[in-house]
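So you can see what is in the structure, the chains are spelled out below.
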Amino acid sequence: MTQHEHVRVAVIGSGFGGLGAAVRLRREGVTDFVVLERAASVGGTWRDNSYPGCACDVPSHLYSFSFAPNPDWPRTFSGQPHIRAYLEKVADTFGLRPHIRLNHEVRLMRWDGDELRWEIETAQGTLTADVVVSATGPLSDPKVPDIPGLAGFDGKVFHSAQWDHGYDLRGKRVAMIGTGASAIQIVPAIQPQAGRLTLFQRTPPWVMPRMDRAISGAERWLHGKLPFTGAARRRLLWGIRELQVSAFTKHPNELGLIESLGKANIARSVKDPALRNKLTPSYRIGCKRILLSSAYYPALAQPNVDVVASGLEEVRGNTLIASDGTETEVDVIIFGTGFHVTDMPIAERVVGADGITLAEAWKDGMESLRGATAAGFPNWMTIIGPNTGLGNSSMILMIESQLSYLADYMRQLNVLGGRVALNPRVSAVSAWNTRVQERMKRTVWNTGGCTSWYLDANGRNTTIWPGTTSEFRRATRAVDLGEYDVVRAGAGTGAGAVAVGGAAAGAEASAGAEASAGTVPAARRVTDKEAV
Ligand code: NAP
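This structure is a prediction, so every number in the text was calculated from the model and none was measured.

About the criteria used
Residues numbered from 1 in each chain as written. Predicted model: local features only at pLDDT ≥ 70, side-chain atom pairs only at ≥ 80, totals over all residues. Heavy atoms only, no water. Buried < 20%, exposed > 50% of the residue type's maximum accessible area, 1.4 Å probe, protein only. Helix = DSSP H or I, 4+ residues; strand = E, 2+ residues; numbered from the N terminus. Pairing = 2+ DSSP bridges. Polar contact = N/O pair within 3.5 Å; in protein donor to acceptor, adjacent residues only side chain to side chain. Contact = heavy atoms within 4.5 Å. Axes fitted to C-alpha atoms, helices over the stretch in contact; angles between N-to-C directions. Patch = residues over 30% accessible without salt bridge, like charges linked within 9 Å, V, L, I, M, F, W, Y side chains within 5 Å. Areas by Shrake-Rupley, 256 points an atom, 1.4 Å probe, with all protein chains shown as cover. Salt bridge = Lys/Arg side-chain N within 4 Å of Asp/Glu carboxyl O. Disulfide = S-S within 2.5 Å.

### Looking at the pairing of strand S4 (residues 106-112)
- Burial runs high along S4: five of the seven residues are buried.
- The pairing of S4 with strand S5 (residues 117-122) spans six bridges and is antiparallel. The partner of aspartate 112 across the bridge, within S5, is arginine 117.
- Hairpin geometry of S4 and S5 is characterised by an intervening segment of four residues between the two adjacent antiparallel strands and by a positive phi of about 55° at leucine 116.
- Relative to strand S17 (residues 350-351), S4 runs parallel, the two sharing two bridges. Among the inter-strand pairings, arginine 110 is bridged to a residue of S17, identified as valine 351.

The structure is reproduced here in structure tokens:
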């Protein structure tokens with residue numbers, strides 16, 4: 001067999017999730033790891049999304065790592081260049097560069113049940129790893145709808161995440177497709193240059209004012225000299241959002257008051273009643289992500305802007321046909337149509353213990369244990385996995401919880417010792433998802449009367465966490481070995497791996513081991529005590 005490089009951990013992706021995992025691994029004393037990045041620099045979604053107006057709608061002091069505070073954030077809601085620069089700095093400060101392999105797109109990972117390791121094919125060759133941490137993120141692969149006639153359009157076409165900075169929009173007839181978080185930042189940024197801007201709005205979003213301002217020199221000085229002031233600021237931003245959660249998860253009716261503020265925000269900038277009507281949503285606020293912008297509605301009220309309150313249905317030559325029959329001739333189409341979130345493309349590249357891909361295992365919807373691990377995919381973990389998304393707060397909080405889980409996972413493997421893997425039990429995955437979906441029933445995301453990318457093709461919400469970030473932190477503080485089958489190499493018999501009971505398994509152990517027997521070639525099962 002060809003000799004490959006072997007590492008303890010392979011992290012995929014170098015956005016917030018991947019870099020965070022790298023920092024955490026080093027802190028746990030794990031230095032034998034690589035970060036495989038498909039692009040030529042780090043930064044993930046904050047590298048790829050460079051569209052005009054790109055900024056984060058979560059305040060910077062909360063949208064950053066707790067272990068890497070940045071006293072120098074220039075604005076309360078900093079822009080993409082600053083966030084990208086922050087991630088570059090994290091890579092330098094924490095000594096991550098030697099671990100990072102740029103231009104190493106992962107093409108396939110296959111579980112080797114005999115050797116208990118992952119074989120990983122990258123654009124630059126093959127390596128093996130005991131553990132894979134997939135941090136490819138939900139916003140990594142742009143989604144362009146399949147519009148009849150689009151291939152025959154002879155103007156310019158690009159997606160918000162693949163902005164063509166060489167293309168001059170000045171004086172052009174521009175079509176912006178979509179009204180999500182990306183589009184509402186793009187519209188005010190390009191409206192002054194566009195000759196004519198037509199916005200194709202399938203569903204109006206709820207948009208609230210964004211209280212953005214420059215952070216003063218005095219504040220920055222204070223946060224630099226007295227770091228606890230920056231920490232206090234972060235805690236306040238976090239606490240406010242934590243208090244809002246129950247309205248989204250348990251009492252959506254309480255959100256009516258916020259809707260009146262949203263309507264007032266429209267009325268403030270849009271005087272034309274017909275346009276105001278088009279822009280007013282008819283579903284409960286929060287059902288789709290609440291967007292923040294103080295510039296969006298004023299831009300839509302400008303004379304060079306048209307809002308077509310209908311989706312793009314067809315392209316005929318240079319004419320765009322909306323579902324309501326409206327025809328618009330344009331020079332350029334910009335798709336702000338989002339990402340492959342519920343059909344994570346990386347899942348097609350992961351082949352588990354029983355020879356099927358994660359995409360096949362998830363064909364009826366994504367399901368994981370505690371947002372991290374998947375049954376039949378031993379020692380494979382994802383950051384920002386199923387049901388770890390947030391409707392109203394910072395994803396960095398969720399990522400850090402998942403990093404704690406990763407840290408404990410590595411500790412558990414060390415304690416178990418030897419060549420060993422953890423495979424989540426089908427029963428544990430199922431119990432976790434039953435609890436998540438039970439809580440989901442009352443939430444605004446499921447009851448608010450909208451369709452959104454939070455829901456998968458079956459209408460199931462597999463993206464959002466239906467609780468507070470503190471609850472998720474508690475749920476991911478430690479790995480419960482009772483939720484896993486411990487898999488060991490076949491003790492020199494060459495018979496492949498051995499599934500043994502979880503450490504705290506009890507009666508569930510045999511059921512779990514039974515479940516895993518189909519996925520891992522089981523030569524023998526030993527008692528919990530033997531396993532530990
Ligand atoms: P998105 O939220 O998925 O929005 C896609 C938009 O495209 C929706 O408005 C959708 O309409 C529309 N659409 C799809 N097909 C269409 C068609 N044929 N005609 C007209 N409209 C069509 O995508 P996104 O705005 O790129 O945002 C994705 C996620 O990125 C966000 O939710 C957020 O998590 C993140 N993001 C965050 C920030 C930030 O500041 N933190 C900024 C940008 C993005 P429907 O609503 O009818 O489906």
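### A closer look at the side chain of threonine 373
- The residue threonine 373 is located in the loop between helix H10 (358-361) and strand S18 (380-382) in this model.
- Looking at threonine 373, the relative accessible area reads 1%, which means it is buried.
- A distance of 2.8 Å separates polar atoms of two side chains, one belonging to threonine 373 and the other to tyrosine 484.
- For threonine 373, the residues in contact, after removing those within four places along its chain, are Ser368, Trp380, Met381, Tyr409, Pro424 and Tyr484.

### Some details on the sheet that holds strand S8 (residues 173-177)
- If you walk across this open sheet you meet the five strands as S7-S16-S8-S9-S12, and the pairing is parallel. Because the sheet does not close on itself, it has two edges, and the strands there are strand S7 (156-159) and strand S12 (305-308). Each strand of the sheet is rotated relative to its neighbour by a mean of 15°, with strand direction disregarded.
- The sheet contact formed by strand S9 (residues 196-200) and S12 spans four bridges and is parallel. Opposite threonine 198, over in S12, you have aspartate 306 as the bridge partner.
- Contacts from helix H4 (residues 181-190) reach S8, S9 and strand S16 (332-335) within the one sheet, and its direction differs from that of S8 by about 165°.

### So, a nonpolar patch on the surface
- Among the surface-exposed residues, Trp221, Leu222, Leu226 and Phe228 lie close enough to one another that they form a single nonpolar patch of about 430 Å² accessible area.
- Its location among the elements puts phenylalanine 228 in helix H6 (residues 227-249).
- Residue classification places phenylalanine 228 among the exposed residues on the basis of a relative accessible area of 57%.

### Digging into the sheet that holds strand S13 (residues 312-316)
- Taken in spatial order, the three strands of this open sheet run S13-S14-S15, and their pairing is antiparallel. Here the strands that pair on one side only, and so sit at the sheet edges, are S13 and strand S15 (327-329). Within this sheet the neighbouring strands show an average axis-to-axis angle of 25°, counted without direction.
- Direction of pairing for strand S14 (residues 319-322) relative to S15: antiparallel, over a ladder of three bridges. Paired with isoleucine 321 across the strands is glutamate 327, a residue of S15.

### Here's the deal with the state of the cysteines
- Under the defined criterion, the tally for this structure stands at one disulfide.
- For cysteine 54, which is in no disulfide, the shortest distance to another cysteine sulfur is to cysteine 56 and amounts to 8.6 Å.
- Residue class for cysteine 54 comes out buried when judged on its relative accessible area of 8%.

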